[in-house]
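Architecture and fold: a report
Take a look at the letters that make up each chain.
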Amino acid sequence: MSELIKAMESCFNQQIYKIILSKPKKKSAENIMSYKKITISQINADYHLEKFTDTQVFNENLNEQALKDFLLIALADDFLQYNAWDQQYEYIIQVSKKGKLSASKKTVKEAPKMAINHNREKNYLLKEGVVIEPLIDMGIFTKEGKVVNTMYDKFKQINRFVEIIDDEIKNLDPDIPLNIIDFGCGKSYLTFILYYYLTEIKKMKVRIVGLDLKQDVIARCNESARKYGYEQLSFELGNIHSYESEFPVDMIITLHACDTATDFALFNAVKWDAKLIFSVPCCQHELNGQMETEALSLLTKYGIIKERTAALMTDAIRGSLLEYCGYKVQLLEFVDLAHTPKNILIRARKAKSSEKKRNEALNEVNQVIQTFSFKPTLYQLLDAEGMIK
Ligand SMILES: C[S@@+](CC[C@H](N)C(=O)[O-])C[C@H]1O[C@@H](n2cnc3c(N)ncnc32)[C@H](O)[C@@H]1O
């Protein structure tokens, strides 16, 4: 370890803005860690970690000391390669398979793009200080373009949501119109911001419809859309359950559509063959009220554990059912748990997938349904539509 500490001392400094840990060690029985790669970006005085498995990304923030401790353990146990960049040098630590250590640095020729800027505000797609009028009306920004204190968490969530969408659509042709529905749009902060971002910043052709059950909210949102000349943004009063779109839908989004409203939204997307789905569920109560199991009674014995297990299973089942329906699916932690406990985002993109993979996904769902004797809404909807074979 002392050799590693020395190597780390020569290859880490406070100016480093990007680190990549790669070449994971082969797993032993004791080493259950399955991250393929970890990327680390400096944000202000802290560091943001993205830990990649085959199918998921886990996020974590660490301060400098905690990061150093983390890096030492990661290099001792889990990874063979460390690359780090400051403005001048690239620092490299390599561990051979036999455990031999080498540390070096070279002048930077091509540094990786900063995934996250040094300044937290600058990192947001929507920057403070830029006056975006609808956001002032909505009470998110002050007239000077500053984020209103009490809206900071919402601002952060929406920025992250848009960032995740941006990442997925960056290769699309901006001239091919993209039709989007926001199910359960509520006050429509996300809907307006997404419209603004896609049309005014990305210069894309989009049509967005926000749908909600609340008449007054829909009327107000339509008024705002008209006021700002957002011709392709409209709001409709209606129920996700029975909604029929007048146009082909490319993407659906949901942010905190309550309980099974998310299932109906996902079902619509599948039925309409939407290419992209971005969904942050909440209030996943359905399975908690139904689940019973003798085999795994430990998970239903304590109310709090049952509730959380049910909520997690709800989203895992949704993810797997989307895989079965031919989507490539990731479940991401979309903002820190400290900001909201409703922080899982289901990201799904229609993709070619083998029948074997699809059936595996369905089998996983069937097994859990059998074990816990529940009937998830999305499963029932797909089954009733003859989509579950
Ligand atoms: C928690 S709010 C979230 C609003 C907004 N997406 C946001 O994140 O600020 C959930 C919204 O979903 C709407 N909603 C719930 N079930 C619905 C359904 N079946 N059809 C349409 N809207 C629904 C509610 O009226 C509410 O406005």
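Structure: above.
Quick summary incoming for the structure in this document. Here the residue index of a chain counts from 1 through its sequence in written order. Predicted model: local features are reported for residues with pLDDT of at least 70 only, side-chain atom pairs are reported and counted for 80 or more only, and whole-chain, interface and lining totals are derived from all residues. Heavy atoms from the whole structure form the basis of all side-chain values; hydrogens and water molecules are not counted.

1. Focus: the overall build of the protein chain
The secondary structure listing takes helices from DSSP runs of H or I that are at least 4 residues long and strands from runs of E that are at least 2 residues long, numbered from the N terminus. Of the regular secondary structure elements, the protein chain holds 13 helices and 14 strands. Projecting the C-alpha coordinates of the protein chain onto the three principal axes gives extents of approximately 65 × 60 × 40 Å. Out of the 389 residues in the protein chain, the part that is buried amounts to 49%. Pairs at least 24 residues apart make up 65% of the contacts formed inside the protein chain by residues separated by at least 6 positions. Classification of residues uses two cut-offs on accessible area relative to the type maximum, computed with a 1.4 Å probe and protein chains only: under 20% is buried, over 50% is exposed, and between them is partly exposed. Note on contacts: a residue pair is in contact if any heavy atoms of the two residues lie within 4.5 Å.

2. Looking at the packing of helix α8 (residues 261–271) against helix α13 (residues 377–384)
Helix-helix packing is described using two parameters, namely the angle between the two axes and the distance between the axes. The axes used here are C-alpha line fits, helices contributing only the stretch in contact, and every angle between their N-to-C directions lies in the interval 0 to 180 degrees. Orientation of α8 relative to α13, taken along the N-to-C sense of each, is 35 degrees, at an axis distance of 9 Å. For the crossing formed where α8 meets α13, the hand is right-handed. Between α8 and α13, the contacting residues are Asp263, Phe264, Leu266, Phe267 and Val270 on the first element and Thr377, Leu378, Leu381 and Leu382 on the second. Classes in brief: Ala, Val, Leu, Ile, Met, Phe, Trp, Tyr, Cys and Pro nonpolar; Asp, Glu, Lys and Arg charged; the others, Gly included, polar. When its residues are assigned to classes, the contact of α8 with α13 shows seven nonpolar, one polar and one charged. Here is the rule for handedness: rotate from the far helix to the near one, and if that takes an anticlockwise turn smaller than a right angle the crossing is left-handed, while a clockwise turn gives right-handed.

3. Quick look at the site of the ligand
We call a residue near a molecule or strand when any one of its heavy atoms sits within 4 Å of it. Taken together, 15 residues sit near the ligand, with Gly184, Asp212, Asn239, Ile240 and Leu255 positioned nearest. We define a polar contact as two N or O atoms separated by no more than 3.5 Å, with the added condition that, inside protein, one atom must be a possible hydrogen donor and the other a possible acceptor, whereas residues neighbouring each other in sequence contribute only through side-chain atom pairs. The contact in question runs from an oxygen atom of the ligand to an N or O atom on the side chain of Lys154, over 3.1 Å. Taken by itself the ligand offers 590 Å² of open surface, and the protein chains cover 83% of this. The element that contributes the greatest number of residues to the shell around the ligand is strand β11 (residues 251–258), accounting for three residues. Across the shell around the ligand, the residue classes break down as six nonpolar, six polar and three charged. In these tables, accessible area is a Shrake-Rupley quantity obtained with a 1.4 Å probe, and a residue counts as shielded only by the protein chains included in the view.

4. Regarding the pattern of salt bridges
Each reported salt bridge corresponds to a side-chain nitrogen of Lys or Arg within 4 Å of a carboxyl oxygen of Asp or Glu. Evaluated as defined, the whole model comprises 17 salt bridges. Among the ionic pairs, Arg220 bridges to Asp216, the shortest N-O distance being 3.6 Å. Placement of the pair is Arg220 and Asp216 together in helix α7 (residues 215–227), with a separation of four residues, close to one helical turn. Judged by its relative accessible area of 47%, Arg220 falls in the partly exposed class. For Asp216, a relative accessible area of 47% puts it in the partly exposed group. Its salt-bridge partner being Asp250, residue Lys275 comes within 2.9 Å of it at the nearest N-O pair. Of this pair, Lys275 sits in the loop between α8 and β12 (276–282) while Asp250 sits in the loop between β10 (233–237) and β11, and the two are 25 residues apart along the sequence. In this structure Asp250 comes out as buried when scored by relative accessible area, which is 12%. Each of Asp167, Glu168, Lys170, Arg347 and Arg349 takes part in a single network of salt bridges with overlapping partners.

5. Some points on the packing of aromatic side chains
Here the distance between the centres and the angle between the planes together describe a pair of aromatic rings. Only the six-membered ring of Trp is used, alongside the rings of Phe and Tyr, when aromatic pairs are assigned; centres must lie within 6.5 Å, and planes under 30 degrees apart are stacked while those over 60 apart are edge-to-face, with the rest tilted. Applying the stated criterion across every chain, the model contains 14 aromatic pairs. Considering the side-chain rings of Tyr195 and Tyr230, the 4.8 Å spacing of their centres and the 40 degrees angle between planes classify their relative orientation as tilted. Taken together, the residues span a long stretch of sequence, with Tyr195 in helix α6 (residues 189–201) and Tyr230 in the loop between α7 and β10 at a distance of 35 residues. Residue Tyr195 shares its accessibility class with Tyr230, and that shared class is buried. For a ring to carry a charge above it, either NZ of a lysine or CZ of an arginine must fall within 6 Å of the ring centroid while also lying within 35 degrees of the normal to the ring plane. Between the NZ or CZ atom of Lys37 and the centre of the ring of Phe52, over which it lies, the distance is 5.2 Å.

6. Some details on the side chain of His256
Residue placement: His256 occurs in strand β11. On the basis of relative accessibility, which here comes to 16%, the residue His256 falls in the buried class. Setting aside residues up to four positions removed in sequence, His256 forms contacts with Lys154, Gln157, Val280, Pro281, Cys282 and Lys342.

7. What to know about the side chain of Asn222
Within the secondary structure layout, Asn222 lies in helix α7. At 2.8 Å, the side chain of Asn222 and the backbone nitrogen of Phe235 are in polar contact. Every residue in contact with Asn222, bar those within four places of it in the chain, is listed here: Ser234 and Phe235.

8. Focus on a nonpolar patch on the surface
Taken together, the side chains of Leu298, Tyr302, Ile304 and Ile305 make up a nonpolar region of the molecular surface, amounting to roughly 400 Å² of accessible area. Relative to the helices and strands, Ile305 resides in helix α11 (residues 303–324). On the accessibility criterion, Ile305 (38% relative accessible area) is partly exposed. Two distance rules govern patches: like charges are joined within 9 Å, and nonpolar side chains (Val, Leu, Ile, Met, Phe, Trp, Tyr) within 5 Å, applied only to residues with over 30% relative accessible area and no salt bridge.

9. Points about helix α12 (residues 355–372)
The α-helix advances 3.6 residues per turn, and as a result positions three or four apart in sequence lie on the same side. In a regular helix each residue adds 1.5 Å, so 18 residues correspond to 26 Å; α12 covers 26 Å between its end C-alpha atoms and thus fits that length. Where α12 is buried, its residues contact α9 (286–290), α10 (298–301), α11 and α13. By definition here, a helix of n residues has an expected span of 1.5 Å times n minus one.

10. Here we look at the nonpolar core
By nonpolar core is meant a set of buried Ala, Val, Leu, Ile, Met, Phe, Trp, Tyr and Cys residues that side-chain atoms within 4.5 Å join together. Counting 49 residues, the largest nonpolar core has Ile140, Phe161, Met251, Ile253 and Phe278 as its most contacted members. Ranked by residues supplied to this core, first place goes to α6 with nine residues. Apart from residues no more than four positions distant in its own chain, Ile140 is found in contact with Leu135, Lys146, Val147, Val148, Met151, Phe155, Tyr189 and Ile193. Among the nonpolar cores identified, the runner-up in size contains 46 residues, and Tyr327, Val368, Phe372 and Leu381 belong to it.

11. Quick look at unusual backbone geometry
Backbone phi values are negative for most residues with the exception of glycine, while trans is the configuration of most peptide bonds. Backbone geometry places Cys283, a non-glycine residue, at a positive phi of 50 degrees. Secondary-structure assignment places Cys283 in the loop between β12 and α9. Given the relative accessible area of 28%, Cys283 is considered partly exposed. The phi dihedral of Ser373 falls on the positive side, at around 50 degrees, and the residue is not glycine.

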